[in-house]
Every structure is written in C-alpha cells, then in structure tokens.
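Take a look at the letters that make up each chain.
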Amino acid sequence: MPPRHSPPEALLTTLATGRGRSDRLTHTEHLPARAARYSPWPDSIRPEVVAAARAVGVEQPWAHQAEAMNLAKSGQTVVIATGTASGKSLGYLAPVLSDLLDGTEARNGRGATALYLAPTKALAADQRRRAAELAPPRVRAALYDGDTPPEEREWVRQYASYVLTNPDMLHRGILPGHARWSSFLKALRYVVVDECHSYRGVFGSHVAQVLRRLRRVCARYGSSPTFLLASATTADPAATARRLTGLPAVAVTEDASPRGPMVFGLWEPPLTENVGEHGAPVRRTATAEAAHLLTDLVERETRTVVFVRSRRAAELVALQAQDQLDRPLAGRVAAYRGGYLADERRALERDLHTGRLLGLASTSALELGVDISGLDAVLMAGYPGTRASLWQQAGRAGREAQGALAVLIARDNPLDTYLVHHPEALFAAPVEATVLDPDNPHVLAPHLCAAAAELPLTDADLELFGPSTAPLLPVLERRGLLRRRSDGSWYWTRRERAADAVDLRGSGGSPVQIVEADTGRLLGTVDAAAAHTTVHTGAVHLHQGRTYLVREFDLDNSVALVEPADPPYTTAARDITSISVLDTDTTVDWGEGRLSFGSVEVVNQVVGYLRKRISTGEIMGETKLDLPPRTLRTRAVWWTVTEDQLLDADIPLDQLPGAAHAAEHASIGLLPLFATCDRWDIGGVSVPLHPDTGLPTVFVYDGHPGGAGFAERGFQRAVQWLTATRTAIASCECERGCPSCVQSPKCGNGNDPLDKAAAVRLLDILLAGAPGVADEQNGREAPDEQETPDRPDTQDGPGTQDGPTQDGPTQDGPETSAGPETSAGREATSGPDGGAPAGS
Ligand SMILES: [Zn+2]
Ligand SMILES: [Zn+2]
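Everything quoted here is computed from the prediction, not taken from an experiment. (Residues numbered from 1 in each chain as written. Chains lettered and ligands numbered in written order. Predicted model: local features only at pLDDT ≥ 70, side-chain atom pairs only at ≥ 80, totals over all residues. Heavy atoms only, no water.)

## A short note on the overall build of the protein chain
- The secondary structure content of the protein chain amounts to 28 helices and 30 strands.
- A burial count over the protein chain gives 60% of its 840 residues as buried.
- In the protein chain, the share of contacts with a sequence separation of at least 24, taken over all contacts with a separation of at least 6, comes to 75%.
- Accessible area of the protein chain: about 31800 Å², with a carbon and sulfur share of 49%. (Helix = DSSP H or I, 4+ residues; strand = E, 2+ residues; numbered from the N terminus. Buried < 20%, exposed > 50% of the residue type's maximum accessible area, 1.4 Å probe, protein only. Contact = heavy atoms within 4.5 Å. Areas by Shrake-Rupley, 256 points an atom, 1.4 Å probe, with all protein chains shown as cover.)

## A word on the side chain of Thr302
- Relative to the helices and strands, Thr302 resides in the loop between helix H11 (286-299) and strand S12 (304-307).
- Apart from the residues within four sequence positions on either side, Thr302 is in contact with Leu11, Leu297, Leu358, Asp376 and Ala377.

## What to know about the nonpolar core
- Ranked by size, the top nonpolar core spans 86 residues in total, and within it Phe264, Met380, Trp590 and Trp639 carry the most contacts.
- Val79, Ala160, Val163 and Leu504 belong to the second largest nonpolar core, which has 38 residues in total. (Core = buried A, V, L, I, M, F, W, Y, C linked by side-chain atoms within 4.5 Å.)

## Looking at the packing of helix H7 (residues 167-174) against helix H9 (residues 201-220)
- Two elements in contact, H7 and H9, have axes whose closest approach is 10 Å; the angle formed by their N-to-C orientations is 50 degrees. Taken together, H7 and H9 sit at an angle that is classed as oblique. Crossing handedness for the pair H7 and H9: left-handed. Across the interface between the two elements, Pro167, Leu170 and His171 from H7 touch Val207, Val210, Leu211, Arg213 and Leu214 from H9.
- Residues that form the contact of H7 with H9 fall into these classes: six nonpolar, one polar and one charged. (Axes fitted to C-alpha atoms, helices over the stretch in contact; angles between N-to-C directions. Parallel < 35°, antiparallel > 145°, perpendicular 65-115°, else oblique. Left-handed = near helix turned anticlockwise from the far one by under 90°. Nonpolar A, V, L, I, M, F, W, Y, C, P; charged D, E, K, R; others polar.)

## Some remarks on the coordination of the zinc ion (ligand 1)
- Within the protein, Cys732 (SG), Cys734 (SG), Cys738 (SG) and Cys741 (SG) serve as the donor atoms for the zinc ion (ligand 1), at 2.2 to 2.4 Å.
- Seen from the zinc ion (ligand 1), its four donor atoms lie at angles of 100 to 120 degrees, and the figure they make is tetrahedral. (Donors = N, O, S within 2.8 Å, 3.2 Å for Na, K, Ca; no water. Tetrahedral: all angles 85-135°; square planar, octahedral: opposite > 155°, others 65-115°.)

## Here's the deal with the sheet that holds strand S3 (residues 113-117)
- The strand order across the open sheet built from seven strands is S4-S5-S3-S6-S7-S2-S8, with neighbouring strands paired in parallel fashion. Because the sheet does not close on itself, it has two edges, and the strands there are strand S4 (141-143) and strand S8 (250-252). Going from strand to strand, the sheet's axes swing by 20 degrees on average, the running direction of each strand aside.
- Two strands pair when backbone bridges link them, and S4 and strand S5 (residues 162-165) are joined in this way by three bridges, in the parallel orientation. In the sheet register, Ala142 faces S5, and the bridge partner there is Val163.
- Sitting on the sheet, helix H3 (residues 63-73) is in contact with strand S2 (78-81), strand S6 (188-193), strand S7 (226-231) and S8, with an inclination near 160 degrees to S8.
- Together, S2, S3, S5, S6 and S7 form the strand contacts of helix H4 (residues 88-104), whose direction differs from that of S6 by roughly 165 degrees. (Pairing = 2+ DSSP bridges.)

## Regarding the packing of aromatic side chains
- Counted by the stated rule, this structure contains 11 aromatic pairs.
- For the pair Tyr116 and Tyr162, a centre-to-centre distance of 6.5 Å together with 70 degrees between the ring planes defines the contact as edge-to-face. In this pair, Tyr116 sits in strand S3 while Tyr162 sits in strand S5, placing the two residues 46 residues apart along the sequence.
- Here Tyr116 falls in the buried class, since its relative accessible area comes to 0%.
- Taken together, a centroid distance of 5.4 Å and an interplanar angle of 70 degrees make the contact between Phe264 and Trp391 edge-to-face. In this pair, Phe264 is assigned in strand S9 (residues 262-267) and Trp391 in helix H16 (residues 387-394), connecting sequence segments 127 residues apart.
- Residue classification places Trp391 among the partly exposed positions, given a relative accessible area of 22%.
- Taken together, the ring pairs connect Tyr92, Tyr116 and Tyr162 into an aromatic cluster.
- One Lys or Arg, Arg153, reaches over the ring of Tyr144 and ends 5.4 Å from the middle of that ring.
- The cationic tip of Arg485 hangs over the ring face of Tyr491; the distance from NZ or CZ to the ring centre is 3.5 Å. (Phe/Tyr/Trp six-rings, centres within 6.5 Å; stacked < 30°, edge-to-face > 60°. Lys NZ or Arg CZ within 6 Å of the ring centre and 35° of its normal.)

## Some points on helix H1 (residues 7-17)
- Of all the residues in H1, the buried ones are Pro8, Glu9, Leu11, Leu12, Leu15 and Ala16. Around the axis of H1, the buried residues are gathered within 155 degrees of arc, so they sit on the same side. Among the exposed residues of H1, those pointing more than 90 degrees away from its buried face are Pro7 and Thr17.
- Along its buried surface, H1 packs onto strand S1 (25-31), S9, H11 and strand S16 (404-409). (Arc of directions from axis to C-beta.)

## Structural notes on the pattern of salt bridges
- Enumeration according to the criterion identifies 41 salt bridges in this entry.
- Residues Arg21 and Asp296 are paired through a salt bridge, measuring 2.9 Å at the closest nitrogen-oxygen approach. You can see Arg21 sitting in the loop between H1 and S1 and its partner Asp296 sitting in helix H11, a full 275 residues away along the chain. Asp296 carries the same exposure label as Arg21, and that label is buried.
- One salt bridge connects Arg594 with Asp589, and the closest N-O pair in it is separated by 2.8 Å.
- The class for Arg594 is partly exposed, based on a relative accessible area of 41%. (Salt bridge = Lys/Arg side-chain N within 4 Å of Asp/Glu carboxyl O.)

## Thoughts on unusual backbone geometry
- Geometrically, the link from Asp752 to Pro753 is a cis peptide bond, its omega value of -5 degrees lying close to zero.
- Among the secondary structure elements, Pro753 is positioned in the loop between helix H26 (718-730) and helix H27 (756-768).
- You will see that Asp236, though not glycine, has its phi angle at about 50 degrees, which is positive.
- Here Asp236 is to be found in the loop between S7 and helix H10 (237-245).
- Asp236 sits in the partly exposed class, given a relative accessible area of 29%.

## Quick word on the sheet that holds strand S14 (residues 359-362)
- Pairing is mixed in the open sheet, where seven strands are placed in the order S1-S9-S16-S15-S12-S14-S13. Both outer strands of the open sheet, S1 and strand S13 (333-336), are each paired with one neighbouring strand and no more. Across this sheet, the average inter-strand angle for adjacent strands is 15 degrees, counted without regard to direction.
- Where S9 lies against S16, six bridges are found, and the strand directions are parallel. Considered in S16, the bridge of Val263 is made with Leu405.
- The strands touched by H16 are S1, S9, S12, strand S15 (377-381) and S16; relative to S15, the strand with the most contacts, the crossing angle is about 145 degrees.

See the structure below:
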C-alpha cells in the first residue's frame, strides 16, 4: 500500500476540496505498487536472443513473458493479454527469433519464417526496430507494406525471414500472390497478431476471415504456423483469439511486470444553471472541468497531460487554463495540435520531461507520436471508449516509486455517468469484450471468392470458413462469381482480382469522399452507411479533430464538399426508422417478458437536422433534407413485455412510448461497457406495439450489414447490460431525464418522448423475470455458434410518424460524431480505437 498521504493522494484531496467541489470526486481508488515477478529464460530460447535481450537491459523475463514463450514453443495458440508496457513484444519475439535463428542453419538459410501483423503501418515499423534490437544479424526482418518499393518486394519474398505487414497487405498482396511467396509460406512457423483487440466489429470479422485464408494457403504448402496474439486486457481474450483465428487459444493474463502506485480519481462535473433540450439540466462539460483541474495542478508545478476528444477541445482546455493562471505559469501550458514534425515532437517531449512545460492538452493522437511517460498526473476528459484506451492514457502517469495521479472526468452521457458511480466496472475484472462476427455472410462472401481465386474451394474447406459457408456457396454461384466443377470444387470465374472486391476497413458500399471545396483536397472518407447522418448538406463535421461545414452532399458521386468553419453550433440529424423481424435465432423467456436475438431489416431515412448551440445545447433551428431511405439487413437483440406487465408496472399507454424510448437510449449508451463498440456501431428502435411481436418492443441493432457481433454480445450479457441500464437511469440525480441518463445527443426523434421514471419501472418489470445474475455469470462466455440467417420475404416495417402522442416507433440510428466532445475521428482513415502501440 502507498503511504496514507502520498503526494498524488494529497494532490487529489486538494483538487477535491478547493472551490466547493467536495461532492465531485465520486471515488478514489488506490492501485498499490506491484513488484515484478521474474522467471528464468526458458531453455528453448536461443542464447543469442537471451544475450541480445540482456544487452538492452532485460536480464530475465517477467513470469508472464516466460509463460507465453513456453506456450509458443509448444505450438499452442496463445494470446498475451496484459497491461500497457508489460513487455508483450518480448513474449512473442523471443520464441519467434529463436526459431528463425534455427532456420538460418538450414541449407537455403531460410528454414523457418514468421509473419507479423499490425493494425497500422506505423506500429509495424516500430516493431521492426524492436525486432532489430533483439535479432541476431542472420535473421532478416523486413517491412512489407504499401510503401515498400517494388524492387525491394522481390527481395523480401525471396530472402526475408521475418516479414512485418498488416492485414490489408496480407489480404490484397500476399495471399492472392501466394505462389510467389511459396518458399516463405512453406517455412512459416509463427504468425504474430499484435494489438489484436483492434480487430473488432466488421473490421475484425474481415481480419478473422483473412487469417482463415492464410491458414488454408499455408496448409497447401505443408505448413501449420502457430498463432501468437497480443491484446489489451479485456474480458475473455481466449474466446476472442479463438474467434479471430478459428483455433483454440490459451490466454496469458497474469501481469508480472512492476507498477508504481497510482491514485485514481473518478470525477463528475456539477450540474449548471443551463438547460438543454426539453429543459433538461446540463452538467458542466468535461473539458471545462478539466481546464479548472489543470489550472490547479499547474499551480502546484505538477506535470500534467489532459486527454480530450478533439483538437478544438485541446485548444479550449489550454486557453482556459492559460487564462486562469498567472503569467509565468500560463506560458507553461500548451495544446498539442497534431501534425508536428519529428523535431517538434522531440522538443515537446524534452520540455515535458524537464518540466519547462507543465501542462499539455491533447487528443489521443499524442499517443502515437510522442513519448510522454513519467508524468505526475493524467486527466481524462471523458471515458476514452475502451478500458484499453483508458489504461493506455492513465499509464502515461507514474515515476518510479513516487506514485502518480489519474483522474477520469465524466462527460454528460449515460456510460461516463455510470462509470464514475460504479468503480468496479473499471477496476475489477473487465466485462468489456472484443467483439467480432466472422460468420456474417456479408463479410464471409467476398473472402470465399478471394479464397476460391487463391485455390479452388473444396468441401474440406467448409469447416474452416464456418457454418455460413455451405449455404453461401450456391448463392455465389447464382451471382456468377463462383462455378462448381465436376470434381465438386468451386472456382472463381471472373477476370478481375477477387481480393479487390472488399476493403477490410470499409463496411460495404462505396465510401463517401470528404473533399475540401476550395482546394479540392481529399480529407478522408466516411462509410456509406454513416454518410447520410454525418455529412448531409449543412452538417457540422469533425474530421480528425478539425471542424468543417458540409457545403454540399453529392449523393450521385458520393462526395461531400466541405469548408473549414467554426460555427457556434453542432448538428444532429433527424431521421425516421422502421424495423421488421426477418428471422428469430433464439428467444429466452424472462417471466412474461421475452428476450430475442435474430435478423432484422431496418429502413432509415434522414429527413432533416437540428442545430444545437454548443455552449448550452439549446436548439437553434431545424432544416429539412431530401434524402432517399436506406435499407439495412442486420442482427438485433430485442425485448418485449406484455400488457399485464405494463399494468403491474403502472405504466399507462400514454407513458409507454417515452418509457421504451428512454430505456432504449440508456441501453445503447451502456452497451459499450460490455462490447468494444461505440455509439456509431449500434442503433435502436422502440415501438409501443410492433407488428411482428404484437407487443411493446425495444430493439438494439448492429449498424453494419449482416451485423458485427455487438447485438449478439448484448443478448449474451443481457441481464448485466439491462441491469446496468436500469441503474444508470435510476441513480441519475436529474428529475425528468438529462444527457447523463436518457437523453441521447444524436436522437433521431429530438429526444421526444422520454419518460425517465416510467423507463425505470419498465426495466424493473422486465428484469424481475430475468434469470439470476449468478446463473448468467456461470454461463459460458464463449460465443455460441451462429446459424446462418435465412432470408424470408421482406416485410414492411410499422408506419413511422412524428410527434409524441402516437403509437409510432421512436428510433435512434447508429450514432454519429458531431459535438465537440464526441469526435474521436471515426473516419475510415483514422486509426483503430485506442490504437496506440502497446509498450515494449
Ligand atoms: Zn439524468
Ligand atoms: Zn431517440
């Protein structure tokens, strides 16, 4: 345990007692120092590798590293899921390099090879440097990505024994050209999948199928590589690793690296005098609160970084702190704007290190380019979305034994509010899982085509590609993509390259290009699915932390023309949505209520947008839009209650729409606690009387065609998920609903109707019939195998009407980024969630 009044604790106490803030600190967690546990080097690790590790200061591996090394050497698929800076790289590098070194003694000098996959090019480059430190000169490590010049590529194929690349390059380059890689693939011993928690949702599902294609091609060349994965700490990493690779996996989760003591504060900004939509009370923004705390910390000469969600917020925090500070100190606070040159980044690191700079406000972009470990304090203005990101940010604080301070400041939304009042969700065993669904037929289909183009598909491949494969092959034949020969195998029939038909990071449909109107510069893209809500004409759009106004959304050419702008408002699209059940996979009775999971069709039309004043959330006006409806077939979890239950819960019919809508909002807000998704990935619809169920129904669906696994995870963890939802609503101190509980910043219905009190009663009556939480926890975490959804005839959804008094559904499309605090830069060009390289 740290001393009772360690410096970070004293600091936190000062912050919490100043300026009438006593009730804002909702929790203090003491994370004690942890001593390192070492293990001897396994005998199977080559002495040259041990010597190289010692030369860079690693005398002995930590216990978890040694455990991973032993598992890897025994040919076991292993996932190392330990904290930031816990040396995951060494855990997989030592066995890989040992085998590669063995391979150099083969006749051709390349008796063993290994493939390393990173989600980003930058991380692969970083790992190449790390490998070079430990690799004896005979091991030839090489990058192979879009930047590798053509003349070097041939050398890599013929001579490199450790090839570092990304899943995209594997999908587009290596697998389709496997014949030219034959000698490399024949000798393939290991495949390293680094930062594998970033392979989530649709992207993760694609990567899972790419790995299956790799396994098949390897088998053709007689190799069966061992998969070594590295992950942030999540719930059940072994199940995720298994879903990703298709192989049973063992998880190494006991972190034996040392850690300094940390005091972690959870902080909730106060309610203000301001009112937002429908007169709801509004909390002070997390950024404003962060600026105050930064001011106090800098006054005490505490080196502090504030993590915010956009560049504009970074500038705001720095400016406010500078305003509040006296002159000499004001000059020691800065905003990190991103886009710095290498020397500028080094200068920044130095200034922070020496203490010339005391306060820095930054987006998480900082994580990718500047080494800022060893700070005194880290403030996080808003939950960064995943526990992995949270610990990556908090981990920047801490110097040896001195201890460090981290403070999470809640933003005004249900998830943040829940977290600052439920510390166990952050500090106890993780409940958030990395979710993906490789059986999604929309994901699988193009990979079956690509696989057939690589090597004809046979019945022997059905098991590898999963249960959706058998029904999908005849469909692909009817579409003229595959042809079955008399020997029973399936061939690719087209002249074009099958692999070009899919972009691993897209979600289907051609992405919409965001082009700066005056310069013609391409800023990036947004997924087709998100375009109507994010880049409609008049939308305020945040792109990598900068603010733009959409001048024109050209549907025909999939282009949004934008101009830099700084309007005093954000925009929120208004839409109407109908949903119909196509197929029910599973239904569970919860007393009289029912919980179901299956396939749905969602028809959504963006009909206009609201402008909301940034400072107060006040509605400044509404503009109509003329956009066509779009249809999405996807997976959903839904629940129903009966009329008798409504009577028991004392919910009259006129309160039902508001109750269901409010419960739906809060449940969407809380799902990211259990699955690594954000609001963009999921949508919801609540219907007082749904034609398919004949009952009041609340749906939560995946926002991507065919689904991505989020709704399924919600179904699996429904008791905990809906219990947390109920708690979040009930414990909010507002009277009639606010952004911290039931209001959604992106509600397609303008947050109307919402009935907070009735929502609690509705969830109570539903949960009363739910199986005990204990049963659920004892239940398997491993995802069930999924049946292929049938596709019966489409039904029309219920009629959609506006207004609070009808029986029409209230719906919430997958949420989109617009507000100054909600832009994590979700564009296709941005990095993965929490995608900073893990430590050594
Ligand atoms: Zn509230
Ligand atoms: Zn809504």
